[in-house]
Amino acid sequence: MRVLFVGAYGIRNIGDDAMLLAWADGLKQRDNSVQTTIMSRHSESEYHYYEKYGINVIPNLDHPSAEKAGGKRFFGLNDGDSDSHLIQIRQEIEKTDLIVMGGGDAFVDLTTGVYRGPSVYLALICTIAKFFRKPVIVAGVTVVPFYSNTGLDLTRHILENAKFVIFRDKASYKVLENYGLLLPENKWDVLPDPALGLNRNYTNHKIPEIARMCAASRANKVKIGISIRDLYWKEADEKSYIDKLVLLCNTLIEEFQAYLVFIPHSCYEKDDIRKDDRPIASRISRGIEESGKHCEIQNYLDVEGYLALYSSLDLVIG
């Protein structure tokens, strides 16, 4: 059996990669002959990250960067674009047995144009799958209110043509109900985030970050992990946001003798740097008054690395 995963892969986000690995592991446990393939934005540079998990990588329809996209249609659909990856995509869909789309906020329609944007991308793959009569499952998704009727129509097309839909929360289906998008009861379900099903051995997983953290934190009572996102999309008061987090960090160190570990879930420095968790962590850590009481994880770890890191902490703040 061959399974093709279509989602936000190859952009160094542990949430997406953890879901992917949970799915891939689950399939392997049921049938060890299952072959899994993902469509990835940076198929060559990210190949070795996925290869160790037995996951094949092919290019998706993204341009290498937002700058190169420059308002264009998907890569391969513009005059002068290479089309070799389109052949790979067609061949993979043609020989696969199942396509899994997700997870996360897969249907966000902030960017929607003629062959541009996440919803359009998924709708296009869903349509190609229909030509080859390949079943599509939408899994691990959260649905938020739509910005446009086009985004709603695209989501309707995807969900109505999927064989089954798995939401991460009941609120997602409520959002669809508010728009009059109803699915038959036997076609959807609500299950926890797939990453919660990860069952990988990480106890002997040695990473330098844990060794440094344990050595530096011996004199402290508790080790606290902090995972912070830049809230630029909320148009929040950034200075107030950072000031409050700095105050929190200093209070944890002073009152609880805590050692703080800043953990990035997204390490994607291309395009908008605000989507990378490391810069905002650095801005917060610069406000910490007492030296030697914190560290910043700078590398994108593998899934076992994150599991080992979190298991060594006493508390996590996100």
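Everything that follows concerns the structure shown earlier in this document.
Residues numbered from 1 in each chain as written. Predicted model: local features only at pLDDT ≥ 70, side-chain atom pairs only at ≥ 80, totals over all residues. Heavy atoms only, no water.

Looking now at the packing of helix H5 (residues 118-131) against helix H6 (residues 149-161). Two elements in contact, H5 and H6, have axes whose closest approach is 9 Å; the angle formed by their N-to-C orientations is 35 degrees. In this structure, H5 crosses over H6, and the sense of that crossing is left-handed. In this structure, H5 uses Ser-119, Val-120, Leu-122, Ala-123, Cys-126, Thr-127 and Lys-130 to contact H6, whose residues at the interface are Leu-154, His-157, Ile-158 and Asn-161. Here the contact of H5 with H6 is built from residues that sort into six nonpolar, four polar and one charged. (Axes fitted to C-alpha atoms, helices over the stretch in contact; angles between N-to-C directions. Helix = DSSP H or I, 4+ residues; strand = E, 2+ residues; numbered from the N terminus. Left-handed = near helix turned anticlockwise from the far one by under 90°. Contact = heavy atoms within 4.5 Å. Nonpolar A, V, L, I, M, F, W, Y, C, P; charged D, E, K, R; others polar.)

Moving on, we get to the pattern of salt bridges. All told, the structure shown has 17 salt bridges when counted by the stated rule. Salt-bridge contacts for Glu-94 lead to Arg-90; the nearest nitrogen and oxygen are separated by 3.1 Å. In this pair, Glu-94 and Arg-90 are both assigned in helix H4 (residues 84-95), four residues apart and thus about one turn of the helix distant. According to the relative accessible area criterion, Glu-94 is partly exposed, its value standing at 39%. Between Lys-293 and Glu-290 there is a salt bridge, with the nearest N and O atoms lying 4.0 Å from each other. Relative accessible area serves as the criterion here: at 17%, Lys-293 is assigned to the buried category. Linked through salt bridges whose partners overlap, the residues forming this network are Arg-2, Glu-92 and Lys-95. (Salt bridge = Lys/Arg side-chain N within 4 Å of Asp/Glu carboxyl O. Buried < 20%, exposed > 50% of the residue type's maximum accessible area, 1.4 Å probe, protein only.)

The next thing to look at is empty space enclosed by the protein. One pass over the structure, following the stated rule, counts one cavity of 30 Å³ or more. The calculated volume of the largest cavity comes to roughly 40 Å³. Looking at the lining of the largest cavity, the elements that each hand over two or more residues are helix H1 (14-30) and helix H2 (47-51). A total of three residues in the lining of the largest cavity trace back to one element, the largest contributor, which is H1. Considered class by class, the residues forming the lining of the largest cavity number seven nonpolar, no polar and one charged. (1 Å grid on protein atoms, 1.4 Å probe; cavity = no way out; pocket = protein on both sides within 12 Å on 5 of 7 lines; lining within 4 Å. Points joined across faces, edges and corners; volume = space filled by probe spheres on them.)

A cis geometry characterises the amide bond from Gly-102 onward to Gly-103, with omega recorded as -10 degrees. Phi at Arg-12 is positive, roughly 50 degrees, even though this residue is not glycine. A positive phi angle, near 55 degrees, is found at Arg-133, a position not held by glycine. Positionally, Arg-133 belongs in the loop between H5 and strand S5 (136-141).

To continue, consider the sheet that holds strand S8 (residues 222-226). One open sheet holds the four strands; their spatial order is S10-S9-S8-S11, and the pairing between them is parallel. Strand pairing shows two members of the sheet lacking a second neighbour, strand S10 (294-296) and strand S11 (315-317), which therefore form its edges. Neighbour to neighbour, the strand axes of the sheet diverge by 20 degrees on average, direction disregarded. Along the sheet face, helix H9 (residues 238-256) touches S8, strand S9 (258-262) and S11 and points at about 150 degrees away from the line of S9. Its contacts with the sheet place helix H10 (residues 277-285) against S9 and S10, and it is angled at close to 160 degrees to S10. (Pairing = 2+ DSSP bridges.)

With respect to burial, S9 is a largely interior element, five of its five residues being buried. Where burial is concerned, the two faces of S9 agree: the one with Ala-258, Leu-260 and Phe-262 and the one with Tyr-259 and Val-261 are both buried. In the sheet, S8 pairs with S9 via five bridges, with the strands oriented parallel. Bridged to Lys-223 within S9 is Tyr-259. One ladder, built from three bridges, connects S9 with S10; its direction is parallel. Across the sheet, residue Val-261 finds its bridge partner in S10, namely Cys-295. Handedness of the S9-H10-S10 crossover: right-handed. (Right-handed = clockwise from strand over helix to strand, strands pointing away.)

The values reported here are purely geometric and, on their own, carry no functional implication.
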